[in-house]
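# Analysis of the macromolecular model
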Amino acid sequence: MTDDRMQGDKLLCEIYKSSRKEEMYLYVDKRRGLAEVPEALIERFGKPVSAMTLILTPEKNLARAKASDVMAAIRDKGFYLQMPPVKDEYLLDLYRTPTESRY
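Notes on the structure in this doc start here. (Residues numbered from 1 in each chain as written. Predicted model: local features only at pLDDT ≥ 70, side-chain atom pairs only at ≥ 80, totals over all residues. Heavy atoms only, no water.)

From N to C terminus, the chain includes three helices and four strands. The secondary structure elements of the chain, listed N-terminal to C-terminal, are β-β-α-β-α-β-α. Taken over 103 residues, the chain has a buried fraction of 31%. For the chain, the computed accessible surface area is about 7,400 Å², with 51% contributed by carbon and sulfur atoms. (Helix = DSSP H or I, 4+ residues; strand = E, 2+ residues; numbered from the N terminus. Buried < 20%, exposed > 50% of the residue type's maximum accessible area, 1.4 Å probe, protein only. Areas by Shrake-Rupley, 256 points an atom, 1.4 Å probe, with all protein chains shown as cover.)

Here the focus is the sheet that holds strand β3 (residues 49-56). On the basis of which strands lie adjacent, the open sheet formed by four strands has the order β3-β1-β2-β4 and antiparallel pairing. Lying at the two open borders of the sheet, with one neighbouring strand each, are β3 and β4 (80-82). Within the sheet, the average angular offset between the axes of one strand and its neighbour, ignoring direction, is 25 degrees. The sheet contact formed by strand β1 (residues 11-17) and β3 spans seven bridges and is antiparallel. Bridging from a neighbouring strand, K17 pairs with V49 of β3. (Pairing = 2+ DSSP bridges. Axes fitted to C-alpha atoms, helices over the stretch in contact; angles between N-to-C directions.)

Next up on the list: the nonpolar core. By size, the foremost hydrophobic cluster in this structure holds 13 residues, and its most contacted members are C13, Y27, L56, V70, I74 and Y80. Counting only elements with at least two residues in this core, the list comes to β1, β3 and α2 (67-77). If one sorts the elements of this core by residue count, α2 sits on top with five residues. With sequence-adjacent residues up to four places away left out, C13 is seen in contact with Y27, V28, K30, M52, T53, L54, L56 and I74. With nine residues, the next largest nonpolar core counts M24, V37, L41 and F45 among its residues. (Core = buried A, V, L, I, M, F, W, Y, C linked by side-chain atoms within 4.5 Å. Contact = heavy atoms within 4.5 Å.)

Inspection of the entire model under this criterion finds four salt bridges. Salt-bridge contacts for K30 lead to E14; the nearest nitrogen and oxygen are separated by 2.9 Å. Here E14 lies in strand β1 and K30 lies in the loop between β2 (25-29) and α1 (39-45), a separation of 16 residues in the sequence. Where D29 meets R31, a salt bridge forms, and the shortest distance between an N and an O atom there is 3.1 Å. (Salt bridge = Lys/Arg side-chain N within 4 Å of Asp/Glu carboxyl O.)

Below, the discussion takes up α2. Within the span of α2, buried status applies to A67, V70, M71, A73 and I74. What you see down the axis of α2 is that its buried residues fit within an arc of 160 degrees, all on one side. Buried residues along α2 sit in contact with β1, β2, β3 and β4. G78, located one to two residues past α2, shows a positive phi value of around 100 degrees. (Arc of directions from axis to C-beta.)

Shown next, in the form of structure tokens:
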């Protein structure tokens, strides 16, 4: 993607959350929308639900990604997919093993 408007240090970004997978997000250039997202990804992602629109700059702080990486992915592929965080194994054990009561 060689849109001159994306060569600068700002990008108007639309963020969609997945209707199928909790904490999965898709970042795209707001002007292009979902046009460059592969159909196979949309099928797995589910119906995209708009979560927010923001202006990305390389210095912007994001919760789980570097803004510069997000911008580069959108520039190169047309989208950035943020996967849910990995659950720590010890947290999953809490659901498998009943807790002992300690008196």
